[in-house]
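One letter stands for each residue in the lines below.
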Amino acid sequence: MAALPERRIAAGLSVSGPRQADVVRRALEIRVDGRSPFGSVQATWNVLEPCVGEALGEAHDAGWGVIVKEALANGRLAQRESSPDALAAMADRHGVMPDAVAIAAVLAQPWADVVLSGAVTEAQLSSNLASPEVTLDPGELDELRALAEPADAYWKARSARARE
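The rules behind these values
- Residues numbered from 1 in each chain as written.
- Predicted model: local features only at pLDDT ≥ 70, side-chain atom pairs only at ≥ 80, totals over all residues.
- Heavy atoms only, no water.
- Pairing = 2+ DSSP bridges.
- Helix = DSSP H or I, 4+ residues; strand = E, 2+ residues; numbered from the N terminus.
- Salt bridge = Lys/Arg side-chain N within 4 Å of Asp/Glu carboxyl O.
- Buried < 20%, exposed > 50% of the residue type's maximum accessible area, 1.4 Å probe, protein only.
- Contact = heavy atoms within 4.5 Å.
- Axes fitted to C-alpha atoms, helices over the stretch in contact; angles between N-to-C directions.
- Parallel < 35°, antiparallel > 145°, perpendicular 65-115°, else oblique.
- Left-handed = near helix turned anticlockwise from the far one by under 90°.
- Nonpolar A, V, L, I, M, F, W, Y, C, P; charged D, E, K, R; others polar.
- Right-handed = clockwise from strand over helix to strand, strands pointing away.
- Phe/Tyr/Trp six-rings, centres within 6.5 Å; stacked < 30°, edge-to-face > 60°.

(A) Here's a closer look at the sheet that holds strand S1 (residues 12-14). Strand order in the open sheet formed by four strands is S1-S2-S3-S4, with parallel pairing between adjacent strands. Edge positions in the open sheet fall to S1 and strand S4 (114-115), since each of these has one partner strand only. Bridge analysis of S1 against strand S2 (residues 40-44) gives three bridges, and the strand direction is parallel. Bridge pairing in S2 places Gly12 opposite Ser40.

Structure, rendered in structure tokens:
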């Protein structure tokens, strides 16, 4: 792995689960010949599960690219009927669907370089693409921060949904 950058091959890691911040921080400590073998990290971050945010900031500050997956909490933040009321109301105020607000919340993070959409249909992609036009003010970001769930509870519920 240490020779990969010399061969113009980037190595990254993908993390998931309630302890993803710990894994990112541990990976930031790894050195091979004085350098990190990693140049990017992909992690789950959304307004319901933001626990890895600070660690992603540290990775970004270390020069790593940061890729966010599951910005829509596996669909929970995509539609009005499945979104928390506060998110749906905010989407209404901005004239967009909740997915656009949820993605805008990720884009508002200074460490977020890439946000994966996960869209399957043209309509979903079109709705997701409204997110860069949504500017969330500090009060709205605080309102969205209040939606965070305890990490263990979020991941337990996510795991249960995967079996449905």
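(B) Layout of the pattern of salt bridges. In this structure the tally under the stated criterion is 10 salt bridges. Between Arg158 and Glu70 there is a salt bridge, with its nearest N and O atoms 2.8 Å apart. One end of the pair, Arg158, is in helix H7 (residues 151-162); the other, Glu70, is in the loop between strand S3 (65-69) and helix H3 (85-94), with 88 residues separating them in the sequence. Accessibility expressed as a relative area gives 17% for Glu70, which makes it buried. Residues joined by salt bridges that share partners form a network here, namely Arg25, Glu54 and Glu58.

(C) Broad picture of the side chain of Ser131. Position of Ser131 among the secondary structure elements: in the loop between helix H5 (122-128) and helix H6 (138-145). Apart from residues no more than four positions distant in its own chain, Ser131 is found in contact with Ala100, Ile103, Ala104 and Leu107.

(D) Quick look at the packing of H3 against H6. Look at H3 against H6: their axes get within 10 Å of each other, and the N-to-C directions meet at 155°. Taken together, the axis directions place H3 and H6 in an arrangement best described as roughly antiparallel. Remark: the crossing between H3 and H6 carries left-handed chirality. Residues Ala86, Leu87, Met90, Arg93 and His94 of H3 form the contact with H6, whose participating residues are Glu140, Glu143 and Leu144. For the contact of H3 with H6, the class distribution of residues is four nonpolar, one polar and three charged.

(E) Representation of the pairing of S3. In this sheet, S3 lies alongside S2 in parallel orientation, the contact comprising five bridges. Within the sheet, the bridge partner assigned to Val41 lies in S3 and is Val66. Between the parallel elements S2 and S3, the chain passes through helix H2 (residues 53-61) in a crossover that is right-handed.

(F) Layout of helix H4 (residues 98-107). Of all 10 residues in H4, nine are buried, a share of seventy percent or more. Every buried residue of H4 is listed here: Pro98, Asp99, Ala100, Val101, Ala102, Ile103, Ala104, Ala105 and Val106. Lining the buried residues of H4 we find S3, H3, S4, H5 and H6.

(G) Representation of the packing of aromatic side chains. For the structure shown, the criterion picks out three aromatic pairs. Geometrically, the ring pair formed by Tyr154 and Trp155 is edge-to-face, given 5.3 Å between the ring centres and 80° between the ring planes. The same class applies to Tyr154 as to Trp155, namely buried.

Honestly, that's just the spatial picture; any functional story needs more than this.
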